[in-house]
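# Architecture and fold: a report
Chain by chain, the residues:
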Amino acid sequence: MKRQAVLSIASEIYPLIKTGGLADVAGALPGALKREGFAVHSLVPGYPAVMKALRRAETAHAFPDLFGGPARLLAARAKGLDLFVLDAPHLFDRSGNPYLGPDGKDWPDNAFRFGALGWVGASLGQGLLRGFAPEVVHCHDWQAGLAPAYLAYAGGSRPATVMTVHNIAFQGVFPAALLTALGLPEHAMTVDGIEYHGQVGFLKAGLRLADRITTVSPTYASEICSAEFGMGFEGLLRGRADVLRGILNGIDTDVWDPATDPLIPARYSVNDLSRRAENKRALQARLGLADAPDAMLFGVISRLGWQKGLDLLLTALPVLLSEGAQLAILGAGDPALAAAFTEAASDHLGRIGCFIGYDEGLAHLVQAGADALLVPSRFEPCGLTQLCALRYGAVPVVARVGGLADTIVDANPVGIAAGTSTGVQFSPVNDTMLEAAIRRAARLYRDRPVWRGMQLNGMATDVSWAAPAREYAVLYRELVPTRGRKAA
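Residues numbered from 1 in each chain as written. Predicted model: local features only at pLDDT ≥ 70, side-chain atom pairs only at ≥ 80, totals over all residues. Heavy atoms only, no water.

### A closer look at the overall build of the protein
A count of helical and extended segments in the protein gives 18 helices and 20 strands. Expected size for 488 residues packed as a compact globule is a radius of gyration near 23 Å; at 23 Å, the protein falls within 12% of this value. Projected onto its principal axes, the C-alpha coordinates of the protein cover approximately 65 × 50 × 45 Å. Looking at the protein as a whole, 57% of its 488 residues are labelled buried. Looking at the protein alone, contacts between residues at least 24 apart form 71% of all its contacts between residues at least 6 apart. Split by element, the accessible area of the protein, about 19,000 Å² in all, is 53% carbon and sulfur. Charged side chains in the protein number 45 positive and 46 negative. The centres of these two groups are separated by 6 Å. (Helix = DSSP H or I, 4+ residues; strand = E, 2+ residues; numbered from the N terminus. Rg over C-alpha atoms; globule rule 2.2 N^0.38 Å. Buried < 20%, exposed > 50% of the residue type's maximum accessible area, 1.4 Å probe, protein only. Contact = heavy atoms within 4.5 Å. Areas by Shrake-Rupley, 256 points an atom, 1.4 Å probe, with all protein chains shown as cover. Lys, Arg positive; Asp, Glu negative; His and termini not counted. Charge placed at Lys NZ, Arg CZ, Asp CG, Glu CD.)

### What about helix α18 (residues 466-479)?
With 14 residues, α18 extends 20 Å between its outermost C-alpha atoms, agreeing within 8% with the 20 Å of an ideal straight helix rising 1.5 Å per residue. All of the buried residues along α18 are Pro468, Ala469, Tyr472, Ala473, Leu475, Tyr476 and Leu479. Down the axis, α18 shows its buried residues gathered within 165 degrees of arc, on one side only. (Expected span 1.5 Å × (residues − 1). Arc of directions from axis to C-beta.)

### Remarks on unusual backbone geometry
The linkage connecting Tyr14 with the following residue, Pro15, adopts the cis geometry, with an omega of 10 degrees. With respect to the secondary-structure elements, Pro15 resides in the loop between β1 (4-9) and α1 (21-34). Cis rather than trans, the peptide bond between Ser427 and Pro428 has omega equal to -5 degrees. Turning to its location among the elements, Pro428 is positioned in the loop between β19 (424-426) and α16 (431-446).

### Some remarks on the packing of helix α9 (residues 276-286) against helix α12 (residues 360-369)
Taken N-terminus to C-terminus, the directions of α9 and α12 make an angle of 130 degrees; their axes are 8 Å apart at the nearest point. As the angle between them shows, α9 and α12 are arranged oblique. Considering how the two elements wind past one another, α9 and α12 form a crossing that is left-handed. Between α9 and α12, the contacting residues are Arg276, Asn279, Lys280, Ala282, Leu283 and Arg286 on the first element and Leu362, Leu365, Val366, Gln367, Ala368 and Gly369 on the second. Its residues assigned to classes, the contact of α9 with α12 shows six nonpolar, three polar and three charged. (Axes fitted to C-alpha atoms, helices over the stretch in contact; angles between N-to-C directions. Parallel < 35°, antiparallel > 145°, perpendicular 65-115°, else oblique. Left-handed = near helix turned anticlockwise from the far one by under 90°. Nonpolar A, V, L, I, M, F, W, Y, C, P; charged D, E, K, R; others polar.)

### Regarding the pattern of salt bridges
Counted under the stated rule, the structure contains 15 salt bridges. Put simply, Arg245 and Glu478 hold a salt bridge, and the shortest N to O gap is 3.0 Å. One end of the pair, Arg245, is in strand β13 (residues 244-246); the other, Glu478, is in helix α18, and 233 residues separate them in sequence. Arg245 sits in the partly exposed class, given a relative accessible area of 26%. Among the ionic pairs, Arg286 bridges to Asp359, the shortest N-O distance being 3.7 Å. Placement of Arg286 in helix α9 and of Asp359 in the loop between β16 (352-356) and α12 is noted, with a sequence separation of 73 residues between them. (Salt bridge = Lys/Arg side-chain N within 4 Å of Asp/Glu carboxyl O.)

### A look at the sheet that holds strand β15 (residues 326-333)
Pairing is parallel in the open sheet, where six strands are placed in the order β16-β15-β14-β17-β18-β19. Bordering the open sheet on either side are β16 and β19, each of which pairs with just one other strand. Shown here is a sheet whose adjacent strand axes are inclined to one another by a mean of 15 degrees, direction ignored. As paired strands, strand β14 (residues 297-304) and β15 are joined by eight bridges and run parallel to one another. (Pairing = 2+ DSSP bridges.)

### Some points on the packing of aromatic side chains
Scanning all chains against the criterion turns up 15 aromatic pairs. A ring pair is formed by Tyr445 and Trp451, whose centres lie 5.5 Å apart and whose planes are at 90 degrees; its orientation type is edge-to-face. Trp451 shares its class with Tyr445; the two are buried. Centre to centre, the rings of Tyr472 and Tyr476 are 6.3 Å apart; their planes meet at 40 degrees, and the pair counts as tilted. Taken together, the positions of Tyr472 and Tyr476, both in helix α18 and four residues apart, correspond to about one turn of that helix. (Phe/Tyr/Trp six-rings, centres within 6.5 Å; stacked < 30°, edge-to-face > 60°.)

### Brief notes about the pairing of strand β2 (residues 38-45)
Two faces, one strand: in a regular strand the side chains alternate between the faces of the sheet. In terms of burial, β2 is a largely internal element, six of the eight residues being buried. Pairing between β1 and β2: six bridges, direction parallel. Residue pairing for β2: Ala5 is matched across the bridge by Ala39.

### Things to note about the environment of Tyr47
Residue placement: Tyr47 occurs in the loop between β2 and α2 (48-53). For Tyr47, a relative accessible area of 4% translates into the label buried. Taking the C-alpha atoms as reference points, Tyr47 and Glu12, separated by 35 residues in sequence, lie 9.3 Å from one another. Excluding residues that lie within four positions of it along the chain, Tyr47 makes contacts with Ser11, Ile17, Phe92, Pro98, Tyr99, Arg113 and Phe114.

### As for the side chain of Asp257
Checked against the element boundaries, Asp257 lands in the loop between β13 and α9. Here the side chain of Asp257 touches Ala259 through a polar contact of 3.0 Å, landing on its backbone nitrogen. Sequence-distant contacts of Asp257, defined by excluding residues within four places in its chain, comprise Arg391 and Tyr392. (Polar contact = N/O pair within 3.5 Å; in protein donor to acceptor, adjacent residues only side chain to side chain.)

### As for the layout of surface pockets
Estimates place the volume of the second largest pocket at around 340 Å³. Every residue lining the second largest pocket is counted, 17 residues in all, and those nearest its centre are Ala277, Asp371, Tyr445, Arg448 and Arg452. Contributing elements (two or more residues each) for the lining of the second largest pocket: α9 and α17 (448-460). Counting residues per element, the lining of the second largest pocket draws most heavily on α9, which supplies five residues. Tallied by class, the residues present in the lining of the second largest pocket amount to five nonpolar, four polar and eight charged. (1 Å grid on protein atoms, 1.4 Å probe; cavity = no way out; pocket = protein on both sides within 12 Å on 5 of 7 lines; lining within 4 Å. Points joined across faces, edges and corners; volume = space filled by probe spheres on them.)

Given below as structure tokens:
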């Protein structure tokens with residue numbers, strides 16, 4: 001049976017280019033959807049890292065002038081992914097972060113960089129290439145948000161569109177004066193179109209004009225309809241609640257598998273956790289922590305920022321240390337937070353260790369060696385780090401928000417008695433409740449049978465893409481019979 005074609009548009013994709021969870025989703029979902037009968041091609045920008053990863057690529061189409069310069073659309077396959085790569089050197093041939101310049105600020109031409117991504121995605125949806133006719137165009141975050149707009153205003157028939165919000169805090173808002181240069185008609189600049197507080201809203205375009213909206217957990221789908229979490233879009237989303245759906249993310253369980261992981265010194269499984277202690281010792285050595293096998297070791301793998309609640313952890317450090325625990329931090333972001341954690345590590349040698357930056361091997365080691373993983377986020381659309389923690393037997397200690405609430409079963413008395421607990425949740429998200437959660441986790445850690453039961457429950461949890469892919473498949477099939485809908 002012929003597989004139904006889907007075009008995924010994303011600004012990053014693992015393992016070619018990654019700054020966060022979006023890349024993990026964009027990289028893993030296509031393979032899971034293949035098992036559901038869909039053939040996914042992913043359109044991604046031709047950053048240097050992406051171009052370097054291409055072994056063989058064919059020019060599928062040439063653009064003499066794409067928002068300021070010539071460009072090619074390459075068809076390629078890399079790391080098991082079927083790709084369309086937008087090779088536009090004037091837009092993407094830049095070192096470093098995909099979104100930020102060397103000064104740490106947004107590239108000044110981001111509107112054109114990601115406008116081009118959406119425009120080419122829409123062109124593919126309209127039949128740019130012979131033999132490729134996607135029935136669904138699936139757009140990820142604001143960087144792909146103009147694709148539904150280009151399709152909606154193009155005239156004629158078009159494929160179905162899905163807009164997935166990975167984090168509604170990132171919205172892609174640009175001056176209204178760019179409207180014409182972005183190739184959009186003047187009548188698009190309305191409240192029912194792409195206009196957002198007098199400016200061009202990339203995410204607004206996707207949320208308003210896509211046929212379906214998804215986000216990455218059921219709880220987050222509810223949260224973003226509220227003023228507290230909606231970041232200005234709560235009214236629009238309440239008005240489109242009938243097309244909004246929360247589908248939990250999964251993780252790539254081939255990449256994240258403690259039984260086969262080549263990035264950790266000692267491999268283990270749910271059937272035998274004995275070698276996990278070797279990873280704890282290796283993590284302690286890597287970050288300059290004391291070799292203390294019985295000390296509880298908390299891990300953090302996070303962007304350092306207000307959203308992630310790491311300032312609350314700074315306040316809670318005295319409580320963590322008073323419990324005799326250690327802390328291993330891997331992260332980058334806010335320079336003030338990075339400096340504060342670096343200073344804390346210096347002040348508490350052997351008790352706190354930190355690595356400012358990102359290191360994939362160290363991330364695997366933290367999951368394999370930490371006893372517990374702290375995720376004190378103020379809001380968290382889904383979160384992937386706690387899913388990896390479940391897989392590796394690092395008990396998550398999380399705020400009760402978004403996907404954290406959906407994926408962790410709290411170790412309250414009922415959960416412990418029923419033998420279903422997988423972690424510790426706390427709410428509301430403040431320093432007092434985080435301190436209480438740390439104390440509760442430390443008490444549970446000292447009750448070794450209960451703690452081992454939580455580890456085993458977590459490791460037995462299905463955190464793969466199998467169930468989410470089935471939900472996306474249902475969503476796509478709901479949309480496919482209406483292919484050929486007229487543009488707005």
